[in-house]
Amino acid sequence: MDEPELRSTTDGNPLRRIPIEILVSVGKARPLVRDLLALGENAVIPLDKRIEDPVELFIGDRLIARGELQELENGEPGQLAVRLTEVISEPDELN
């Protein structure tokens, strides 16, 4: 029985076509448990960041970039996007 042929991208590596999830972190909150238990609809939880502060992009628990939130041009009204302002480069980064 013949092995199935793998289709590849132009660089020959089919792994480059696999999507990966990126987490965009806009801030953290540290409420007390008693305050968290008392939260209801329309409650507001303050974050440790300001609206103009950069957001951080993670793959898993690894920081890969920083950027600023903006509204996506030519997208749905209110759809968010991130403009990268810094890409983290490390000697062991993936190729």
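Just so we're clear, the structure is a prediction, and the values are computed from it rather than from any experiment. (Residues numbered from 1 in each chain as written. Predicted model: local features only at pLDDT ≥ 70, side-chain atom pairs only at ≥ 80, totals over all residues. Heavy atoms only, no water.)

Draft legend 1. Highlighting the overall build of the protein. If you tally the helices and strands in the protein, you get 1 helix and 4 strands. When its helices and strands are written in sequence order, the protein yields β-α-β-β-β. Relative to its 95 residues, the protein shows a buried fraction of 7%. With the model as given, the accessible surface of the protein reaches about 9,000 Å², and the carbon-plus-sulfur share is 52%. (Helix = DSSP H or I, 4+ residues; strand = E, 2+ residues; numbered from the N terminus. Buried < 20%, exposed > 50% of the residue type's maximum accessible area, 1.4 Å probe, protein only. Areas by Shrake-Rupley, 256 points an atom, 1.4 Å probe, with all protein chains shown as cover.)

Draft legend 2. Region of the structure containing the sheet that holds strand S2 (residues 55-59). Across the sheet, 4 strands lie side by side as S1-S2-S3-S4; this open sheet has antiparallel pairing. Each edge of the sheet is formed by a strand with only one pairing partner; in this case those strands are strand S1 (23-25) and strand S4 (80-87). Mean inter-strand twist for the sheet, computed between neighbouring axes without regard to direction, equals 40°. (Pairing = 2+ DSSP bridges. Axes fitted to C-alpha atoms, helices over the stretch in contact; angles between N-to-C directions.)

Draft legend 3. A look at the pairing of strand S3 (residues 62-71). As defined by bridge partners, S2 adjoins S3 across 5 bridges and the pair is classed as antiparallel. Opposite Val55, over in S3, you have Gly67 as the bridge partner. In textbook terms, the turn of a hairpin is the stretch between consecutive antiparallel strands, and for S2 and S3 this stretch comprises 2 residues, one of which, Gly60, has a positive phi near 65°. Strand direction decides the pairing type here: S3 and S4, joined by 7 bridges, are antiparallel. From the neighbouring strand, Glu71 faces S4, where its bridge partner is Leu80.

Draft legend 4. Looking closely at the environment of Phe58. Among the structural elements, Phe58 can be located in strand S2. Considering only alpha carbons, one finds Phe58 and Glu21, 37 residues apart in sequence, at a separation of 8.7 Å. With residues up to four places along the chain from it excluded, the contact list for Phe58 reads Glu21, Ile22, Leu23, Ser25, Leu63 and Ile64. (Contact = heavy atoms within 4.5 Å.)

Draft legend 5. Spotlight on the pattern of salt bridges. Within this structure, the stated rule accounts for 4 salt bridges. We note a salt bridge from Arg34 to Asp35, for which the minimum N-O separation is 3.9 Å. Judged by relative accessible area, which is 62%, Arg34 ranks as exposed. Within the structure, one salt-bridge network assembled from shared partners comprises Glu56, Arg66 and Glu86. (Salt bridge = Lys/Arg side-chain N within 4 Å of Asp/Glu carboxyl O.)

Draft legend 6. A look at unusual backbone geometry. Even without being a glycine, Asn42 presents a positive backbone phi close to 75°. Positionally, Asn42 belongs in the loop between helix H1 (33-37) and S2. Residue class for Asn42 comes out exposed when judged on its relative accessible area of 71%. Phi is positive for Asn74, close to 60°, though the residue is something other than glycine. The residue Asn74 is located in the loop between S3 and S4 in this model.

Any link to function would need more than the numbers given here.
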